[in-house]
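Working through the structure, step by step
If you want the building blocks of each chain, they are given just below.
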Amino acid sequence: MSSAPRSMDATDEAAVRAVERRRVASPNGMWGMYLLITTEATLLLSMVGTYHYLRFENAQWPPPPIEPPSVVLPLVMLAVLLTTTVPMLLAAAAARAGRLNTTRTMLLGATLVQGGYLAVQILLLVSDLNDFRPQDNAYASIYYAMTVTHHAHVVIGLLLSVGLQLKLLGGLTNYRVIGVRAVAAYWVFVNVLAIPVVFSQLWPSL
């Protein structure tokens with residue numbers, strides 16, 4: 001029988017590696033994250049669907065005097081956000097292998113880029129608010145609902161990443177490995193769902 005410790009006993013890097021080698025099913029923490037991702041994806045995709053329903057119910061989209069959105073900067077920012085998928089997945093792989101320093105480095109790099117993305121998006125949101133308000137019409141309402149919901153998911157992801165970084169100051173344990181994997185899965189969800197959100201917003205200019 002394997003001498004690898006139970007998951008609750010994995011409190012150092014060697015023990016973490018031993019537990020991960022013999023794991024045959026996703027831990028409960030991952031199933032909880034999958035459930036959260038499913039519900040949040042349903043919410044966001046419902047908003048995307050509503051946006052396009054309203055789009056085809058209106059002859060002019062966006063309605064005057066709102067100008068069609070610019071394309072270049074949103075696409076560049078989307079590309080920047082999508083690149084953070086790689087370090088997040090590398091962090092999860094490093095955590096499962098018991099490599100603490102690599103895990104922390106990948107997490108930190110991704111978090112800094114994601115924070116920069118959010119800062120630029122907030123500036124763009126403030127600029128949009130100077131041009132039109134959520135209560136102005138159906139376009140403005142669904143545009144801001146979709147945009148703010150996406151930004152809220154980015155904020156939540158940043159909070160999870162920062163909290164995880166603080167936990168990792170105490171080293172890798174089995175539960176922290178699960179935390180890294182769960183946060184990585186969450187960011188994959190945020191990044192993938194950003195694609196339909198951004199392209200929906202840019203639809204009038206494409």
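Our subject is the structure that appears above.
Residues numbered from 1 in each chain as written. Predicted model: local features only at pLDDT ≥ 70, side-chain atom pairs only at ≥ 80, totals over all residues. Heavy atoms only, no water.

What to know about unusual backbone geometry
Cis geometry marks the peptide bond from Trp61 to Pro62; its omega dihedral reads -5 degrees. Here Pro62 is to be found in the loop between helix 2 (28-57) and helix 3 (72-83). A cis amide bond links Pro64 with the next residue in sequence, Pro65, at an omega value of 10 degrees. Within the fold, Pro65 resides in the loop between helix 2 and helix 3. (Helix = DSSP H or I, 4+ residues; strand = E, 2+ residues; numbered from the N terminus.)

A few points about the layout of surface pockets
Gaps left between atoms show up when a probe the size of a water molecule is rolled over them. Size it by volume and the largest pocket reaches roughly 470 Å³. In terms of lining residues, the largest pocket is bounded by 25 residues, among which Pro69, Ser70, Leu124, Asp128 and Tyr143 are the most central. Elements represented by at least two residues in the lining of the largest pocket include exactly helix 3, helix 5 (100-131), helix 6 (138-168) and helix 7 (174-202). Counting residues per element, the lining of the largest pocket draws most heavily on helix 5, which supplies seven residues. (1 Å grid on protein atoms, 1.4 Å probe; cavity = no way out; pocket = protein on both sides within 12 Å on 5 of 7 lines; lining within 4 Å. Points joined across faces, edges and corners; volume = space filled by probe spheres on them.)

Topic: a nonpolar patch on the surface
A cluster of nonpolar side chains, Val72, Leu73 and Val76, forms an exposed patch at the surface whose accessible area comes to about 260 Å². Looking at the element boundaries, Val76 is found in helix 3. (Patch = residues over 30% accessible without salt bridge, like charges linked within 9 Å, V, L, I, M, F, W, Y side chains within 5 Å. Areas by Shrake-Rupley, 256 points an atom, 1.4 Å probe, with all protein chains shown as cover. Salt bridge = Lys/Arg side-chain N within 4 Å of Asp/Glu carboxyl O.)

Some details on the side chain of His150
Here His150 lies in helix 6. Exposure remark for His150: the relative accessible area of 3% places this residue in the buried category. Engagement of the side chain of His150 in a polar contact is seen with the side chain of Tyr117, the distance being 2.8 Å. Those residues within four positions of His150 in sequence are excluded, and the remaining contacts are Leu44, Leu81, Tyr117, Val190, Ala194 and Val197. (Buried < 20%, exposed > 50% of the residue type's maximum accessible area, 1.4 Å probe, protein only. Polar contact = N/O pair within 3.5 Å; in protein donor to acceptor, adjacent residues only side chain to side chain. Contact = heavy atoms within 4.5 Å.)

Quick look at the packing of aromatic side chains
Per the stated rule, a full pass over the model turns up 12 aromatic pairs. Aromatic pair Tyr51 and Trp61: ring centres 5.5 Å apart, planes at 80 degrees, arrangement edge-to-face. Remark: Trp61 occurs in the loop between helix 2 and helix 3 and Tyr51 occurs in helix 2; sequence separation between them is 10 residues. The burial state of Tyr51 is the same as that of Trp61; both residues are buried. Ring centres of Phe56 and Trp203 lie 6.4 Å apart, and the angle between their planes is 80 degrees; on these two criteria the pair is classed as edge-to-face. With Phe56 in helix 2 and Trp203 in the segment after helix 7, this pair connects stretches of sequence that are 147 residues apart. By relative accessible area, which is 37% here, Trp203 ends up partly exposed. Connected via pairs of aromatic rings, a cluster forms that spans Tyr51, Trp61, Phe132, Tyr139, Tyr143 and Tyr144. (Phe/Tyr/Trp six-rings, centres within 6.5 Å; stacked < 30°, edge-to-face > 60°.)

None of the figures reported here should be taken as evidence of function without further support.
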